[in-house]
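# Descriptive structure summary
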Amino acid sequence: QVQLVESGGGLVQPGGSLRLSCAASGSISSTYAMGWYRQAPGKQRELVARITNGGITNYADSVKGRFTISRDNAKNTMYLQMNSLTPEDTAVYYCNAAALNYIRWGQGTQVTVSS
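Residues numbered from 1 in each chain as written. Predicted model: local features only at pLDDT ≥ 70, side-chain atom pairs only at ≥ 80, totals over all residues. Heavy atoms only, no water.

## Comments concerning the overall build of the chain
Short version of the rule: Strands here are runs of E lasting at least two residues and helices are runs of H or I lasting at least four, both read from the DSSP assignment and numbered beginning at the N terminus. Each residue is placed in one exposure class: buried if its accessible area under a 1.4 Å probe, protein chains only, is under 20% of its type's maximum, exposed if it is over 50%, and partly exposed if it falls in between. Note on areas: these come from Shrake-Rupley sampling with a 1.4 Å probe, and a residue is covered only by the protein chains present in the view. Only four residue types enter the charge count, namely Lys and Arg as positive and Asp and Glu as negative; His and the chain termini do not. Working definition for charges: the position is that of NZ of Lys, CZ of Arg, CG of Asp or CD of Glu.
Assigned secondary structure in the chain consists of zero helices and 11 strands. The helix and strand sequence of the chain, counted from the amino end, reads β-β-β-β-β-β-β-β-β-β-β. The dimensions of the chain, computed from C-alpha atoms along their principal axes, are 40 × 25 × 25 Å. The buried share of the chain, reckoned over its 115 residues, is 43%. On the chain, roughly 6,000 Å² of surface is accessible, and the fraction owed to carbon and sulfur atoms is 48%. Side-chain charges in the chain split into 10 positive and 6 negative, and the spacing between the mean points of these groups amounts to 6 Å.

Now the structure itself:
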């Protein structure tokens with residue numbers, strides 16, 4: 001199993017941008033999908049974006065057109081580019097990797113959108 005570590009979170013003003021990274025402690029080529037999830041205070045964890053080994057992506061309706069998910073297998077890293085951020089995007093963001101015999105979560109990184 002790989003270990004996942006998120007980074008890139010922080011405080012940003014509405015309309016701003018952030019780029020989150022998820023670094024794996026091993027090859028991610030064995031995963032069939034990786035994704036970003038988020039959990040806001042008082043809410044359940046929700047899927048934000050997902051990318052398969054074949055490069056197929058899907059997004060939550062709330063972030064379509066604003067967020068872009070990508071992965072770099074050579075660097076064992078997944079990214080989430082977040083643009084036009086709003087206060088409703090405030091949450092802890094988690095990366096996830098799914099393989100044939102395991103599911104792995106990172107510890108999360110805080111994103112706060114506030115003026």
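Continuing now.
## Some points on the nonpolar core
Where we set the bar: Note on terminology: a nonpolar core comprises buried Ala, Val, Leu, Ile, Met, Phe, Trp, Tyr and Cys residues joined through side-chain atoms within 4.5 Å.
Counting 30 residues, the largest nonpolar core has W36, L80, M82 and Y93 as the members making the most contacts within it. Elements with a minimum of two residues in this core: β3 (18-24), β4 (33-39), β5 (46-52), β7 (67-72), β8 (77-82), β9 (91-98) and β11 (109-113).

## A few points about unusual backbone geometry
Residue N76 is not a glycine yet carries a positive backbone phi of 50 degrees. Phi at S84 is positive, roughly 50 degrees, even though this residue is not glycine.

## So, the packing of aromatic side chains
What counts here: Two aromatic rings from Phe, Tyr or Trp, using only the six-membered ring of Trp, form a pair when their centres are within 6.5 Å; if the ring planes differ by under 30 degrees the pair is stacked, by over 60 it is edge-to-face, and anything between is tilted. Counting as a charge over the ring demands two things of the Lys NZ or Arg CZ atom: a distance within 6 Å of the ring centre and an angle within 35 degrees of the ring normal.
Overall, the coordinates contain one aromatic pair when judged by the stated rule. Positioned above the aromatic ring of Y79, the side-chain terminus of R19 is 4.0 Å from the ring centre. Here R45 stacks its cationic end above the ring of Y94, 3.8 Å away from the centre of that ring.

## Focus: the pairing of β11
Selection rule: One bridge is not enough; two strands pair if DSSP finds at least two bridges between them.
Alternating positions in β11 separate cleanly, T109, V111 and V113 being buried on one face and Q110 and T112 remaining unburied on the opposite face. Strand direction decides the pairing type here: strand β2 (residues 10-12) and β11, joined by three bridges, are parallel. Considered in β11, the bridge of L11 is made with T112. Pairing geometry for β9 and β11, over three bridges, is antiparallel. When the bridges of β11 are listed, V92 appears paired with Q110.

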